[in-house]
Amino acid sequence: MKKTLNSENTVIKEISETLNRTFGKSIETASQSQIYKAFAITVKNEIMQKWAASERKPDKKQVYYLSIEFLMGRALSNNILNIGRYDEYLQACKELGLDFMSIVSSEPDAGLGNGGLGRLAACFIDSLATLDLPAQGCGIRYEYGLFKQKIIDGYQVEYPDAWLEDGNVWEVERPEEKMEVHFGGQILESWEGDKLRFVHSDYTTVLAVPYDMPIIGYMNDRVNSLRLWKAVSPKHLDMVSFNKGEYLKAVEEREMAEVLSHILYPEDRHYEGKSLRLKQHYFFVSATCQMIVSKFLKTNQPIEKLPQTAVIHINDTHPALAIPELMRILMDEQGLGWEQAWEITSRMFAYTNHTIMAEALEKWPENLFMQVLPRIYSIVKEINERFCSMIYKDFPEKRNDIHKMAIIAYGQIAMAPLCIAGAYSINGVSQLHSNIIKEDTFKDYADIFKDKFTNVTNGVTHRRWLMLSNKDLSDLITSKIGKEWISDTMKLKKLEEYADNKDFSDKFDKIKRNNKKKLAEYIRNTTGIAVSEDSIFDVQAKRLHEYKRQLMNIIRILYNYIEIIEDPDKYREARPITCIFAAKAAPGYNRAKTIIKLINDVANLVNNDTRIMDKIKVVFLENYSVSLAQMIFPASDISEQISTASKEASGTGNMKFMLNGALTLGTLDGANVEIHESVGDENIYIFGFDSKTVQQIYETGLYDPRIYLNEDPKLKKALDMLIDGSINSERLNLYKEIYDSLLSCRSSMSDQYLIMGDFKSYKETHDKMVADYEDRNSWNKKAIINVANAGRFSSDISIANYNKRIWKLK
């Protein structure tokens with residue numbers, strides 16, 4: 001219940017004044033939405049002066065962090081924390097009889113990202129501001145996020161994520177800084193004296209209008225910007241067509257232009273989808289590069305000094321077209337020759353690779369590229385010819401490999417080689433991943449450009465993922481080791497002194513149980529499934545992809561189900577396990593969507609079978625988001641990080657689970673390797689083939705998954721359930737394709753992600769974790785040691801390493 005305003009609390013006064021001025025409301029009469037906006041506007045007003053001052057700072061060099069995704073999460077609580085007034089706002093809510101968490105929850109998650117790539121970008125720009133480094137994130141202001149996921153009859157159903165329908169309090173539109181972006185048209189050549197000029201004509205223009213969001217450093221004066229570009233047509237309504245009654249024609253051209261910033265990751269299985277994605281990528285990098293050059297020209301310095309003032313970081317290959325776009329600006333608009341423009345461009349770009357998966361290394365059909373971006377095509381073609389010529393001339397031992405290394409080959413234009421050719425730095429995101437790209441994926445390039453390749457392991461911001469998500473644990477840590485860990489996460493190491501402390505362990509365990517109770521209540525409210533906080537919360541929360549092996553997890557659950565039914569007495573006193581899944585599948589990824597259906601069908605089977613005595617509960621939490629993750633991670637006991645070794649570049653979910661005291665069940669993949677190094681054998685549960693064994697299997701093809709089935713009758717029974725009607729009696733063939741993908745000899749190599757080969761090790765290791773959980777003191781000690789060693793995985797440390805090794809900002 002809201003209380004009548006009668007307080008000397010300055011926060012209350014500020015919020016009250018904002019409500020009155022903005023909405024003509026008092027705290028007593030305002031709606032929940034108005035109260036949220038008043039809180040947000042109050043915080044925003046407080047930082048506006050710092051934001052303007054940061055813009056005016058005479059920084060010698062700035063990084064522009066280009067990413068197709070920024071999965072920000074809710075801003076209000078994070079910004080209140082970073083300005084150092086979290087407790088004040090909590091107290092204000094207490095005095096007013098308001099629920100602070102309800103107010104925070106009124107804010108929609110910004111629909112600007114999908115998974116790890118976008119969440120990493122969000123952590124990085126947060127850390128850049130906290131480390132007082134001049135930076136600007138650059139992306140697209142999507143009107144709709146990826147999608148809102150609903151589970152209907154077990155199936156994923158996608159609904160529009162209209163996150164902007166009630167506005168965005170945090171953004172500031174900058175229409176005076178809009179840029180023109182050109183598509184299609186013709187390229188004409190002409191000579192001006194001894195210089196060849198290229199004239200772009202008959203093109204279609206789209207305006208890129210910037211919207212800035214403040215990125216607030218923790219307890220400092222730095223406020224950087226996240227600049228998001230909105231696509232706007234320069235043409236107004238066609239009144240001639242409108243007055244003729246041709247209403248669709250009147251708005252058609254405008255709508256076609258503005259669709260560029262409508263939605264994240266449009267489906268690209270068809271020509272129109274590919275064309276839209278290509279235009280999206282070029283749209284935001286063109287606007288960003290034009291902005292960078294325009295800003296530099298106002299300093300009246302010679303253009304040759306541009307690399308001394310800016311570094312452009314390419315987060316995966318989506319922004320790769322920034323390289324030829326900067327070349328276009330320098331040559332066509334600034335009048336430079338090729339050599340001079342390339343000398344500048346090649347000193348300005350750094351590229352982070354996030355995958356070795358061949359299907360994720362972007363390529364564009366050459367004909368499409370030529371049609372949509374004719375001038376950029378001619379520049380990329382010239383880069384390719386010069387790049388291949390350099391290899392042929394300077395590295396004769398690589399001549400036979402040029403067809404594999406070329407940017408343009410076999411009718412495709414490959415973005416990763418373009419990044420490698422144009423960037424001065426290329427990094428992977430875990431030590432294992434960086435080794436793989438140097439020794440395998442990009443070996444031919446690394447042989448030539450040895451000094452370009454480096455590693456910077458990913459990190460997560462502990463401010464959102466511990467201080468906000470798990471405030472009780474954060475406060476407990478501070479009560480024992482002081483506040484220094486907040487600005488230097490390596491100080492978390494001091495927690496190891498308390499790993500055997502009974503009082504600390506008991507408090508640690510109580511916090512975990514309270515977090516599990518909150519999640520259990522959320523599960524009951526959203527799914528109707530009752531789970532016990534005394535059960536083991538075994539969690540796999542991440543994007544749905546076959547290499548992440550949610551399928552292996554659900555097969556293990558079926559295996560456990562069979563064990564309990566066949567020997568109920570053995571499990572009568574066993575502790576229950578709650579198996580929690582949260583994941584979205586790409587709309588066009590049918591296999592992944594079928595796996596979601598499988599998880600939900602297994603949940604329906606297991607949760608309603610009285611024979612298993614509630615020893616297993618299976619829960620699928622729909623619409624996985626940053627905000628939901630902030631509830632899941634603090635409540636988790638087991639962190640399932642079970643990707644096929646060598647497939648996961650790094651992972652950051654593994655770090656968030658670790659930071660919140662969950663123990664990792666994982667392969668030696670991605671950053672799991674470094675987590676293992678940090679905590680030691682006894683505090684992590686590792687299973688399965690390592691990356692070298694996986695590579696050998698792929699190279700030799702000597703792998704037959706049926707062998708493992710023949711050795712384990714229960715595993716065979718679990719797989720047979722996919723096709724015998726046990727799981728879904730109405731559609732017997734629903735999971736036949738999944739079954740065949742694991743065992744059929746007709747495919748080039750069945751069980752591509754080696755689920756059968758790793759299953760025995762996975763199952764045995766999982767069983768050991770369940771048994772070990774019963775020794776609560778030992779388990780809590782392991783969990784505390786994990787938290788104590790999570791400091792090295794802070795995004796603050798990652799950004800410090802980027803700056804030291806790559807950017808060199810002051």
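Above this note sits the structure.
Please read these numbers as outputs of a predicted model, since none were measured by experiment.

Q: Tell me about the overall build of the chain, and please be specific about residues and values.
A: Tallying secondary structure elements over the chain gives 34 helices and 23 strands in all. Against the globule reference of 28 Å for 810 residues, the chain gives a C-alpha radius of gyration of 27 Å, in line with a compact fold. By its C-alpha atoms, the chain is 90 × 75 × 65 Å across when sized along the principal axes. A total of 810 residues make up the chain; the buried ones form 60% of that total.

Q: Residues and numbers for the nonpolar core, please.
A: The biggest cluster of nonpolar side chains holds 276 residues, and the ones touching the most others in it are Leu 76, Phe 283, Phe 369, Ile 554, Ile 555, Leu 719 and Trp 807. Sequence-distant contacts of Ile 555, defined by excluding residues within four places in its chain, comprise Leu 715, Ala 718, Leu 719, Leu 742, Ile 755, Met 756 and Phe 759.

Q: Can you explain the pairing of strand β18 (residues 536-541)? Please cite residues and give values.
A: With six of its six residues buried, β18 lies for the most part within the structure. Residues Ile 536, Asp 538 and Gln 540 point to one face of β18 and Phe 537, Val 539 and Ala 541 to the other, with burial holding for every one of them. Summarising the sheet, β18 and strand β19 (residues 577-582) pair through six bridges and their orientation is parallel. Its bridge partner lying in β19, Val 539 is registered against Ile 580. In terms of strand pairing, β18 meets strand β21 (residues 638-641) through two bridges, oriented parallel. Bridged to Val 539 within β21 is Ser 639.

Q: Outline the sheet that holds strand β13 (residues 363-365), listing residues and values.
A: Strand order across the open sheet formed by three strands is β13-β15-β14, with antiparallel pairing between neighbours. Taken across any chain shown, the strands that pair with only one partner, and hence form the sheet edges, are β13 and β14 (408-409). Judged from the two bridges that link them, β14 and strand β15 (residues 412-414) form a sheet pairing that is antiparallel. For Ala 409, the partnering residue across the bridge sits in β15 and is Gln 412.

Q: Tell me about the packing of aromatic side chains, and name the residues and values.
A: Between two aromatic rings, the relevant description is the distance of the centres plus the angle of the planes. Counted according to the given criterion, the structure contains 21 aromatic pairs. Here the aromatic rings of Phe 387 and Phe 449 are separated by 6.2 Å at their centres, their planes lie at 15°, and the arrangement is stacked. Here Phe 387, found in helix α13 (residues 374-394), pairs with Phe 449, found in the loop between α17 (443-448) and β17 (453-455); they are 62 residues apart in sequence, far enough to count as distant. On the basis of relative accessible area, Phe 387 is assigned to the buried category, the value being 5%. The exposure class of Phe 449 is buried, given its relative accessible area of 17%.

Q: Now, about the environment of Phe 449: what can you tell me, with residues and values included?
A: Between the C-alpha atom of Phe 449 and that of Ile 426, which follows or precedes it by 23 residues, the distance is 9.6 Å. Setting aside anything within four residues of it in sequence, one finds Phe 449 in contact with Phe 387, Met 390 and Ile 420.

Q: Please give an account of empty space enclosed by the protein that cites residues and values.
A: To locate leftover empty space, one rolls a probe as large as a water molecule over the atoms. Here the structure, examined in full by the defined rule, presents five cavities of 30 Å³ or more. When its volume is computed, the largest cavity comes out at roughly 190 Å³. Looking at the lining of the largest cavity, the elements that each hand over two or more residues are α3 (76-82), α6 (116-130) and β9 (204-216). Here the lining of the largest cavity is composed, by residue class, of nine nonpolar, five polar and four charged. Volume-wise, the second largest cavity comes out at about 100 Å³. Every residue lining the second largest cavity is counted, 13 residues in all, and those nearest its centre are Glu 107, Pro 108, Trp 163, Asn 168 and Trp 170. Looking at side-chain class alone, the lining of the second largest cavity contains nine nonpolar, three polar and one charged residues.

Q: Any chance you could break down helix α25 (residues 626-635) for me, citing the residues and the numbers?
A: Since the α-helix packs 3.6 residues into each turn, any two residues three or four apart lie on the same face. Of all 10 residues that make up α25, nine are buried, and the element is covered over most of its length. Regarding α25, the residues found buried are Val 626, Ser 627, Leu 628, Ala 629, Gln 630, Ile 632, Phe 633, Pro 634 and Ala 635. If you follow the buried residues of α25, they end up packed against α6, α18 (462-468), α21 (502-527), β18, β19 and α26 (653-659).

Q: Describe the packing of helix α9 (residues 271-297) against helix α10 (residues 322-333), naming the residues involved and giving the relevant values.
A: Running from N to C, α9 and α10 cross one another at 45°; their axes reach a closest spacing of 9 Å. In terms of their interaxial angle, α9 and α10 are classed as oblique. Read as a crossing pair, α9 and α10 show a hand that is right-handed. In contact with Tyr 282, Val 285, Ser 286, Cys 289, Gln 290 and Val 293 of α9, α10 contributes Ala 322, Glu 325, Leu 326, Arg 328 and Ile 329.

Q: For the pattern of salt bridges, give the residues involved together with the corresponding values.
A: By the definition in use, this model includes 61 salt bridges. The partner of Asp 503 in a salt bridge is Lys 507, and the shortest N-O contact between them spans 3.3 Å. One end of the pair, Asp 503, and the other, Lys 507, are both in helix α21, four residues apart, so they sit about a helical turn from each other. What you see here is one network of salt bridges that share partners, running through Lys 398, Asp 401, Lys 404, Lys 443, Asp 444 and Asp 447.

Q: Can you tell me about the sheet that holds strand β20 (residues 616-620), naming the residues and giving the values?
A: Read from one edge to the other, the open sheet built from six strands follows the order β20-β19-β18-β21-β22-β23, with strand pairing classed as parallel. Every interior strand has two partners, whereas the edge strands, β20 and β23 (685-686), have only one. Sheet topology note: the strand β22 (residues 663-666)/β23 ladder contains two bridges and is parallel. Along β23, the bridge assignment pairs Gly 666 with Ile 686.

Q: Please give an account of the pairing of strand β11 (residues 310-315) that cites residues and values.
A: For β11, the tally of buried residues reaches six of six residues, placing the bulk of the element in the interior. Of the two faces of β11, the one carrying Ala 310, Ile 312 and Ile 314 and the one carrying Val 311, His 313 and Asn 315 are both buried. Bridging between strand β1 (residues 62-66) and β11 involves five bridges; their strand directions are parallel. Its bridge partner lying in β11, Tyr 65 is registered against His 313.

Q: Which residues make up helix α22 (residues 550-566), and what are the values?
A: Helix length check: α22 (17 residues) gives 25 Å between terminal C-alpha atoms against 24 Å at 1.5 Å per residue, within 8%. Here α22 lies mainly inside the structure; 15 of its 17 residues are buried.

Q: Please give an account of the packing of helix α19 (residues 471-481) against α21 that cites residues and values.
A: Two packed helices can be described by the angle between their axes and the distance between those axes. Two elements in contact, α19 and α21, have axes whose closest approach is 10 Å; the angle formed by their N-to-C orientations is 165°. Taken as axis vectors, α19 and α21 run roughly antiparallel relative to one another. The crossing of α19 and α21 is right-handed. Of the residues in α21, those touching α19 at Asp 472, Leu 473, Leu 476 and Lys 480 are Asp 503, Phe 504, Lys 507, Phe 508 and Ile 511. The class makeup of the residues in the contact of α19 with α21 is five nonpolar, no polar and four charged.

Procedures and definitions
Residues numbered from 1 in each chain as written. Predicted model: local features only at pLDDT ≥ 70, side-chain atom pairs only at ≥ 80, totals over all residues. Heavy atoms only, no water. Helix = DSSP H or I, 4+ residues; strand = E, 2+ residues; numbered from the N terminus. Rg over C-alpha atoms; globule rule 2.2 N^0.38 Å. Buried < 20%, exposed > 50% of the residue type's maximum accessible area, 1.4 Å probe, protein only. Core = buried A, V, L, I, M, F, W, Y, C linked by side-chain atoms within 4.5 Å. Contact = heavy atoms within 4.5 Å. Pairing = 2+ DSSP bridges. Phe/Tyr/Trp six-rings, centres within 6.5 Å; stacked < 30°, edge-to-face > 60°. 1 Å grid on protein atoms, 1.4 Å probe; cavity = no way out; pocket = protein on both sides within 12 Å on 5 of 7 lines; lining within 4 Å. Points joined across faces, edges and corners; volume = space filled by probe spheres on them. Nonpolar A, V, L, I, M, F, W, Y, C, P; charged D, E, K, R; others polar. Axes fitted to C-alpha atoms, helices over the stretch in contact; angles between N-to-C directions. Parallel < 35°, antiparallel > 145°, perpendicular 65-115°, else oblique. Left-handed = near helix turned anticlockwise from the far one by under 90°. Salt bridge = Lys/Arg side-chain N within 4 Å of Asp/Glu carboxyl O. Expected span 1.5 Å × (residues − 1).

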